[in-house]
Amino acid sequence: MKNKLERFSMGIIFVIFLIGGLVIFNGYSKNASSNPVEEKPRDFKCLKCHKGSKSLENMVKEKNITSAEELRVLIRKGPKSGLHTTVPDEDLEKAIQYLNLK
């Protein structure tokens, strides 16, 4: 009986160490592979609403937007400008950077 209990507790300890090691390794590998030079900003309001078929990339292609100024005019004076009144200029600039518009 004592032998089975010891083996069971050793098995549980092994599983805990295994899971802990995987969690630590997963966090390390994400940080090690990131390249801060090529990262796009991902912390702005636009990405919360524009997902899937209505993603920023798809909208730019659909509307044939090729410059930052075209995007600014569309957002501020276009047909959907009423929906974008709360979008701060900083987020608009981040969207322009995200889309690599000049």
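Calculation rules
Position labels on residues start from 1 in each chain and follow its written sequence. Where totals are concerned, whole chains, interfaces and linings use all residues; where local detail is concerned, this predicted model gives features only for residues with pLDDT of at least 70, and gives and counts side-chain atom pairs only at 80 or more. As a rule here, side-chain values cover all heavy atoms of the structure and leave hydrogens and water aside. Helical segments are the DSSP runs of H or I of at least four residues, strand segments are the runs of E of at least two, and each set is numbered from the N terminus. Categorising residues by exposure relies on relative accessible area from a 1.4 Å probe, with only protein chains included: less than 20% of the type maximum marks a residue as buried, more than 50% marks it as exposed, and the intermediate range marks it as partly exposed. Should any heavy atoms of two residues lie within 4.5 Å, those residues are considered in contact. Cysteine sulfur atoms that come within 2.5 Å of each other are treated as a disulfide pair.

**Considerations on the overall build of the protein**
Item 1. A count of helical and extended segments in the protein gives 5 helices and 0 strands.
Item 2. When the helices and strands of the protein are listed from N to C terminus, the series reads α-α-α-α-α.
Item 3. Within the protein, the fraction of its 102 residues that count as buried is 21%.
Item 4. The contacts in the protein between residues at least 6 apart in sequence include a share of 61% that link residues at least 24 apart.

**Examining the state of the cysteines**
Item 1. Going through the model one piece at a time under the given rule, you end up with 0 disulfides.
Item 2. Left unpaired, cysteine 46 is separated from the closest cysteine sulfur, that of cysteine 49, by 8.3 Å.
Item 3. The exposure class of cysteine 46 is buried, given its relative accessible area of 14%.

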